[in-house]
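Geometric and topological summary
So you can see what is in the structure, the chains are spelled out below.
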Amino acid sequence: MGFSDPARMAEGLRAVRDAGAETVGTITLDSFTRTGDRHRAREELLRGTPLNGFPLLAHGAATTRELIAEFDQSVFPVQLRHGSARPYEIFREMLAAGIAATEGGPVSYCLPYSREPLAAAVAEWSRSCELLAAYDGPGGPAHLETFGGCMLGQLCPPSLLIALNILEGLFFLQHGVRDISLSYAQQTNHRQDIEAITALRRLAGERLGGASWHVTVYTFMGLYPVSREGALALLGESARLAALTGCERLIVKTVAEAFRIPTVKENVQALEWAAMTARRTTPGDGDTRDNGDDAYQEAGALIDAVLEQSSSVGAALVRAFRRGLLDVPYCLHPDNANQARTVIDSAGRLRWAATGDMPIAARPPDGTTRVSAADLLDMLAYNRRRFDSPDHLHEKGRHHDDDGASAAAQRPDRTGPSR
């Protein structure tokens with residue numbers, strides 16, 4: 001949620017704070033600011049042009065500090081979301097304004113979103129993390145959420161998402177940031193997602209000693225169902241995923257996701273629907289029996305191969321991508337080998353069709369390693385087809401008729417937190 005007008009931004013934060021759920025406020029930056037064009041952001045702001053986010057550098061720390069002054073961040077934390085491969089100036093202004101929580105990472109905010117060389121992003125993130133680590137102002141210590149579990153949003157098998165989480169977490173620790181969160185984006189098979197988060201938690205417990213950490217789940221980030229019922233069902237599945245795996249935070253999508261940017265009201269309804277669904281889910285039930293051994297072993301192999309490249313995690317990441325030891329499927333960044341390919345099997349699980357030079361084996365379900373453009377488009381629409389299918393809508397329809405998002409918004413249950 002990001003608005004260029006501070007008054008509108010405050011209204012949005014207020015609505016999220018007052019929702020019938022335990023919430024975190026987010027301020028998302030505009031595209032000019034995130035790509036380093038602060039002068040263009042200032043020019044458009046002076047012209048009165050509505051931007052697609054909050055231009056932090058154009059407004060300055062004083063205006064931003066005034067914006068968040070009414071919010072008690074010990075009860076309602078505010079996180080800055082920026083999408084920048086070069087965030088140092090953004091972080092400096094953010095901290096000066098009294099916001100101490102943000103997200104991203106040297107890989108996860110470089111490869112998907114920018115043309116910056118990975119080595120340049122690593123250097124920038126090194127000093128940016130050191131800036132966060134030195135912060136001792138309001139809301140400190142500074143908190144940093146890796147975006148490593150959300151690479152390209154979809155079609156990355158869990159082992160790579162887990163490995164990037166841990167590696168960016170180790171990078172943060174090496175540069176002094178000890179209050180961190182890990183991320184995982186909902187994919188195409190509920191049980192595989194449960195296994196993945198279980199494996200992520202195991203590896204975080206083993207590898208991130210000295211850090212305070214929690215896990216954030218992202219509702220599916222690809223082509224969304226076009227039906228209201230399908231959209232609510234997919235959101236509900238992500239809320240159950242977070243609750244079943246004991247995750248502490250969920251980033252939601254709305255019923256408008258397939259068509260347009262959502263309204264503040266639609267965002268609030270999504271938060272309340274997710275909170276209600278999470279409260280009705282019992283953590284530790286039968287869906288969590290699998291300990292995620294396959295994802296755990298693959299991710300561990302990737303992490304070890306990277307760390308062998310250098311004692312500096314940043315240098316190790318650069319060398320690993322140069323040698324193809326890490327390879328994000330379908331990512332077109334020049335520093336990514338783009339030899340890895342994935343497929344969705346008949347059960348909806350993401351499988352490796354080809355792994356390039358990564359130290360893990362491909363296990364394509366039918367032995368085919370080639371993925372055509374038509375195959376890719378078909379996979380991108382998998383969740384849309386699944387949740388909009390007549391069979392799925394019939395199965396879920398009664399539940400939604402009884403407990404729809406509009407009812408949740410009208411009768412919020414404030415007895416417990418959302419996930």
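Source: prediction; values computed, not measured. (Residues numbered from 1 in each chain as written. Predicted model: local features only at pLDDT ≥ 70, side-chain atom pairs only at ≥ 80, totals over all residues. Heavy atoms only, no water.)

Okay, the pairing of strand β9 (residues 350-354) next. Within a regular beta strand, the side chains point alternately toward one face of the sheet and then the other, so they alternate between its two faces. Extensive coverage of β9 is indicated by the burial of four of its five residues. In this structure, the hairpin formed by strand β8 (residues 341-344) and β9 is closed by a connection of five residues, where Gly-348 is found at a positive phi of approximately 90 degrees. (Buried < 20%, exposed > 50% of the residue type's maximum accessible area, 1.4 Å probe, protein only. Helix = DSSP H or I, 4+ residues; strand = E, 2+ residues; numbered from the N terminus. Pairing = 2+ DSSP bridges.)

Within the secondary structure layout, Asp-193 lies in helix α8 (residues 190-207). For the pair Asp-193 and Glu-116, spaced 77 residues apart in sequence, the C-alpha separation works out to 31 Å. Setting aside chain neighbours within four positions, we find Asp-193 in contact with Tyr-184, Gln-186, Gln-187, Thr-188 and Leu-241. (Contact = heavy atoms within 4.5 Å.)

One ladder, built from four bridges, connects β8 with β9; its direction is antiparallel. The partner of Ile-344 across the bridge, within β9, is Leu-350.

The next point concerns the pattern of salt bridges. Counted under the stated rule, the structure contains 22 salt bridges. Arg-260 is paired through a salt bridge with Glu-266; the nearest N and O atoms lie 2.7 Å apart. With relative accessibility at 43%, the residue Arg-260 sits in the partly exposed group. Ionic contacts of the salt-bridge type, sharing partners, join the residues Arg-14, Arg-17, Asp-18 and Glu-70 into one network. (Salt bridge = Lys/Arg side-chain N within 4 Å of Asp/Glu carboxyl O.)

Take the packing of helix α5 (residues 88-96) against helix α6 (residues 118-133) next. It is at 9 Å that the axes of α5 and α6 come closest, and there the two elements cross at 10 degrees. As far as their axial angle goes, α6 and α5 are roughly parallel. Crossing geometry of α5 relative to α6 is assigned as right-handed. Every residue of α6 that contacts α5 at Tyr-88, Phe-91, Arg-92, Met-94 and Leu-95 is listed here: Glu-124, Trp-125, Arg-127, Ser-128, Leu-131 and Leu-132. (Axes fitted to C-alpha atoms, helices over the stretch in contact; angles between N-to-C directions. Parallel < 35°, antiparallel > 145°, perpendicular 65-115°, else oblique. Left-handed = near helix turned anticlockwise from the far one by under 90°.)

Let us now look at the domain arrangement of the protein. Entries for the protein in the domain assignment read domain 1 (6-280) and domain 2 (293-384). A C-alpha centroid distance of 23 Å is found between domain 1 and domain 2. Facing 45 residues of domain 1, the contacting portion of domain 2 comprises 43 residues. Taken together, the two surfaces of domain 1 and domain 2 that pack against each other cover about 3,800 Å², and 69% of this comes from carbon and sulfur. On the domain 1 side of the interface with domain 2, the three residues burying the most area are Leu-155, Leu-167 and Thr-188, jointly 18% of the side's total. (Domains from an automatic or database assignment. Buried area = accessible area lost by both parts, 1.4 Å probe.)

Leaving glycine out, the prevailing phi sign among residues is negative, and the prevailing peptide bond configuration is trans. In this structure, Pro-141 follows Gly-140 across a cis peptide bond, with omega equal to 0 degrees. Looking at the element boundaries, Pro-141 is found in the loop between α6 and β4 (143-145). The phi angle at Leu-155 is positive, at roughly 65 degrees, despite the residue not being glycine. For Leu-155, a relative accessible area of 3% gives the class buried.

Glancing now at the packing of aromatic side chains. By the definition in use, this model includes seven aromatic pairs. Centroid distance Phe-91 to Trp-125: 5.6 Å. Interplanar angle 85 degrees. Geometry classified as edge-to-face. Remark: Trp-125 occurs in helix α6 and Phe-91 occurs in helix α5; sequence separation between them is 34 residues. On the accessibility criterion, Phe-91 (0% relative accessible area) is buried. By relative accessible area, which is 0% here, Trp-125 ends up buried. Here Tyr-113 and Phe-147 contribute two aromatic rings whose centre-to-centre distance is 6.1 Å and whose plane-to-plane angle is 40 degrees, an arrangement assigned as tilted. Residue Tyr-113 is found in the loop between β3 (101-103) and α6, and its partner Phe-147 is found in the loop between β4 and α7 (158-174); the two are separated by 34 residues along the sequence. In this structure an aromatic cluster arises from ring pairing among Tyr-109, Tyr-113, Phe-147 and Tyr-218. (Phe/Tyr/Trp six-rings, centres within 6.5 Å; stacked < 30°, edge-to-face > 60°.)

This paragraph deals with the state of the cysteines. Scanning the entire structure with this criterion turns up zero disulfides. With no disulfide of its own, Cys-150 has Cys-156 as its nearest cysteine by sulfur position, at a separation of 10 Å. Here Cys-156 stays free of any disulfide, with the sulfur of Cys-331 as its closest cysteine sulfur at 8.4 Å. (Disulfide = S-S within 2.5 Å.)

So, about the nonpolar core. What tends to happen in soluble globular proteins is that the nonpolar side chains get buried as a cluster. In this structure, Ile-27, Leu-111, Leu-208 and Leu-326 are the most contacted members of the largest nonpolar core, which totals 109 residues. The dominant element in this core, judged by the number of residues it contributes, is α7, at eleven residues. In this structure, Leu-155, Tyr-330, Ile-344 and Tyr-382 belong to the second largest nonpolar core, which totals nine residues. (Core = buried A, V, L, I, M, F, W, Y, C linked by side-chain atoms within 4.5 Å.)

Further remarks concern the side chain of His-175. By the element assignment, His-175 lies in the loop between α7 and β5 (179-185). For His-175, a relative accessible area of 16% puts it in the buried group. Not counting chain neighbours up to four residues away, the residues in contact with His-175 comprise Ser-126, Cys-129, Glu-130 and Ala-133.

With that settled, consider the packing of α7 against helix α11 (residues 293-307). Axis separation between α7 and α11 bottoms out at 8 Å; the angle between their running directions is 45 degrees. Classified by the interaxial angle, the pair formed by α7 and α11 is oblique. The way α7 lies across α11 gives a crossing that is right-handed. The segment α7 lies against α11, with Ser-159, Leu-160, Ile-162, Ala-163, Ile-166, Leu-167 and Leu-170 engaging Ala-295, Glu-298, Ala-299, Leu-302, Ile-303, Val-306 and Leu-307. Of the residues that constitute the contact of α7 with α11, the class distribution is twelve nonpolar, one polar and one charged. (Nonpolar A, V, L, I, M, F, W, Y, C, P; charged D, E, K, R; others polar.)

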